[in-house]
Amino acid sequence: MLIIGENIHIIAPAVKEAIANRDTAAIQRLAKAQVDAGAEILDLNIGPQKKEGPDVMRWLVPAVQDVVDVPLSLDTTNLEAIKTGLSLLKQQGMVNSTSGEPERLERVPPVAAEYNARLVALCMGKSGIPMTAEERVQIAIEQLVPRALEVGIPMENLYLDPLAMTVSGCQEFAPHAVEAIRYIKQGMDPAPMTTIGLSNVSNAVSAEKRSLINRTYLVMLMATGLDTAIADPLDEKLMENIRIVEERDGSTGAGSLLLTIYDRTAAMEDVEPSDVDMSDPEQVDIWRTLQVLLNRVIFTDSYLRT
């Protein structure tokens, strides 16, 4: 599982301030911390930046590349800023993102192809995010993949994102993103790569529950074939879950349950209450979170206490 570090994101007040003030040291500290924690690509989300986008990229890309030796993902709707950033990269870049929306689908993929960059493609169209996995995959099959091939982007450079939606108000979407990954990886030949903005699944959720939701969801997504996740590498418990799955470490009760979730999800089977040691609070929290993510228990802020 390759983690794309999400923490250089303009929505974070400290990052917004650092970009506004061109605070190189602050950005470099955040870049180094993410790579040290295991991120293998860094996402640079500068927001729309309608006026200053290219100037921001001319400062930000060299600042980050001066202190870390990993590829960068350029995350903005300002296409001129993306072009500027791509021209400065030392390694193969990533463009985040295009979608099935006609203007973005027309304009963004040729830029990624020109610079031999990876391309994140969101499984949504002009009507927004479809409800079902089948509809999201249909956008991929009918629009995203053909456009990528048309402009010369190979499938190993195309990263389909089925779009995680928050369990706080949109939890019925959660299982569909998991199944969309399964359809993409099992139903396409050759299969494109896949990614997801993991933290979106816990947007608007209280801070103490966000990591639990994110890391449980990631195990489900990994089970259906997810290749990469745009996520927080500074979340030690999230990174530990990845290790447990990749090393098949069932030496703890929680680890054993996570492997059961992984294996049953991969096999399209249910995890049963008998698989859970209900005397272990950590396992109970994972179990309850799984039920929310499967849309079997309605999410409330008190779901862990019910």
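This write-up is about the structure you can find in this document. Just so you know, these numbers come straight off a predicted model, no measurement behind them. (Residues numbered from 1 in each chain as written. Predicted model: local features only at pLDDT ≥ 70, side-chain atom pairs only at ≥ 80, totals over all residues. Heavy atoms only, no water.)

### Describing the sheet that holds strand 4 (residues 94-99)
Part 1 of the reasoning: In space, the eight strands of this open sheet follow the order 7-6-5-4-3-2-1-8, with parallel pairing throughout. This sheet does not close on itself; its edge strands, each paired only once, are strand 7 (193-194) and strand 8 (228-231).
Part 2 of the reasoning: Where strand 5 (residues 118-122) lies against strand 6 (residues 158-161), four bridges are found, and the strand directions are parallel. Its bridge partner lying in strand 6, L119 is registered against L158.
Part 3 of the reasoning: Strands in contact with helix 2 (residues 24-37) are strand 1 (2-9) and strand 2 (41-45); relative to strand 1, the strand with the most contacts, it is inclined by about 160°. (Pairing = 2+ DSSP bridges. Helix = DSSP H or I, 4+ residues; strand = E, 2+ residues; numbered from the N terminus. Contact = heavy atoms within 4.5 Å. Axes fitted to C-alpha atoms, helices over the stretch in contact; angles between N-to-C directions.)

### Details of helix 8 (residues 174-187)
Part 1 of the reasoning: In this model, helix 8 (14 residues) spans 20 Å end to end at C-alpha, consistent with the 20 Å of a helix rising 1.5 Å per residue.
Part 2 of the reasoning: Taken as a whole, helix 8 has its buried residues at A174, A177, V178, A180, I181, R182 and I184. (Expected span 1.5 Å × (residues − 1). Buried < 20%, exposed > 50% of the residue type's maximum accessible area, 1.4 Å probe, protein only.)

### A short note on the layout of surface pockets
Part 1 of the reasoning: Reported here for the largest pocket is a volume of approximately 930 Å³.
Part 2 of the reasoning: In terms of lining, the largest pocket is formed by 37 residues, of which the most central are E6, H9, N45, S199 and N200.
Part 3 of the reasoning: Those elements that provide at least two residues to the lining of the largest pocket are strand 1, strand 2, strand 4, helix 9 (207-223) and strand 8.
Part 4 of the reasoning: A class-by-class count of the residues in the lining of the largest pocket yields 15 nonpolar, 14 polar and eight charged.
Part 5 of the reasoning: Its boundaries defined by the atoms lining it, the second largest pocket holds a volume of some 270 Å³.
Part 6 of the reasoning: Put simply, the parts of the chain that give the lining of the second largest pocket at least two residues each are helix 8 and helix 11 (253-266). (1 Å grid on protein atoms, 1.4 Å probe; cavity = no way out; pocket = protein on both sides within 12 Å on 5 of 7 lines; lining within 4 Å. Points joined across faces, edges and corners; volume = space filled by probe spheres on them. Nonpolar A, V, L, I, M, F, W, Y, C, P; charged D, E, K, R; others polar.)

### With respect to the pattern of salt bridges
Part 1 of the reasoning: Taken as a whole, this structure holds 17 salt bridges when the rule is applied.
Part 2 of the reasoning: The closest approach of N and O atoms between E106 and R147, which form a salt bridge, is 3.9 Å. Remark: R147 occurs in helix 6 (residues 133-151) and E106 occurs in helix 5 (residues 102-114); sequence separation between them is 41 residues.
Part 3 of the reasoning: R243 serves as the salt-bridge partner of E240, at 2.8 Å between the closest nitrogen and oxygen. Here the residue E240 and the residue R243 both occupy positions in helix 10 (residues 236-247), the gap between them amounting to three residues, near one helical turn.
Part 4 of the reasoning: Put simply, E240, R243, E247 and D249 are held in one network by salt bridges that share partners. (Salt bridge = Lys/Arg side-chain N within 4 Å of Asp/Glu carboxyl O.)

### Observations regarding the environment of V56
Part 1 of the reasoning: For V56, the position within the fold is in helix 3 (residues 53-65).
Part 2 of the reasoning: A C-alpha to C-alpha distance of 23 Å links V56 and G197, two positions 141 residues apart in sequence.

### Some details on the state of the cysteines
Structurally, a disulfide amounts to a covalent bond that connects the sulfur atoms of two cysteines.
Part 1 of the reasoning: According to the stated counting rule, one finds zero disulfides in the structure shown.
Part 2 of the reasoning: The thiol sulfur of C123 is not disulfide-bonded, and the nearest other cysteine sulfur, from C170, lies at 17 Å. (Disulfide = S-S within 2.5 Å.)

### Some details on the environment of L105
Part 1 of the reasoning: Looking at the secondary structure, you find L105 in helix 5.
Part 2 of the reasoning: Here L105 is in contact with T98, S99, G100, Q143, L144 and R147, once residues within four sequence places are set aside.

### Side note on the packing of helix 10 against helix 11
When two helices pack together, their arrangement is given by the angle between the helix axes and the distance between those axes.
Part 1 of the reasoning: In contact at an axis separation of 10 Å, helix 10 and helix 11 are set at 70° when each is read in the N-to-C sense. By the criterion of interaxial angle, the relationship of helix 10 to helix 11 is roughly perpendicular. The two elements helix 10 and helix 11 meet at a crossing, and its hand is right-handed. Every residue of helix 11 that contacts helix 10 at N241, I244 and V245 is listed here: G255, L258, L259 and Y262.
Part 2 of the reasoning: Tallied by class, residues from the contact of helix 10 with helix 11 come to five nonpolar, two polar and no charged. (Parallel < 35°, antiparallel > 145°, perpendicular 65-115°, else oblique. Left-handed = near helix turned anticlockwise from the far one by under 90°.)

### A word on the packing of aromatic side chains
Part 1 of the reasoning: Counted under the stated rule, the structure contains one aromatic pair.
Part 2 of the reasoning: Relative to Y303, the ring of F299 has its centre 5.6 Å away and its plane inclined at 50°; by these criteria the two rings are tilted.
Part 3 of the reasoning: Look at Y303 and you get buried, because its relative accessible area is 3%. (Phe/Tyr/Trp six-rings, centres within 6.5 Å; stacked < 30°, edge-to-face > 60°.)

### Some details on the pairing of strand 5
Taken residue by residue, a regular strand's side chains alternate between the two faces of the sheet.
Part 1 of the reasoning: A large share of strand 5 lies buried, amounting to five of its five residues.
Part 2 of the reasoning: Of the two faces of strand 5, the one holding R118, V120 and L122 and the one holding L119 and A121 are both buried throughout.
Part 3 of the reasoning: In this structure, strand 4 lies alongside strand 5, joined through five bridges in parallel fashion. If you follow M94 over to strand 5, its bridge partner there is R118.
Part 4 of the reasoning: Chirality of the crossover, the property in question, places the unit of strand 4, helix 5 and strand 5 among those that are right-handed.
Part 5 of the reasoning: In this region the chain leaves strand 5, passes through helix 6 and returns to the parallel neighbour strand 6; the handedness of that crossover is right-handed. (Right-handed = clockwise from strand over helix to strand, strands pointing away.)

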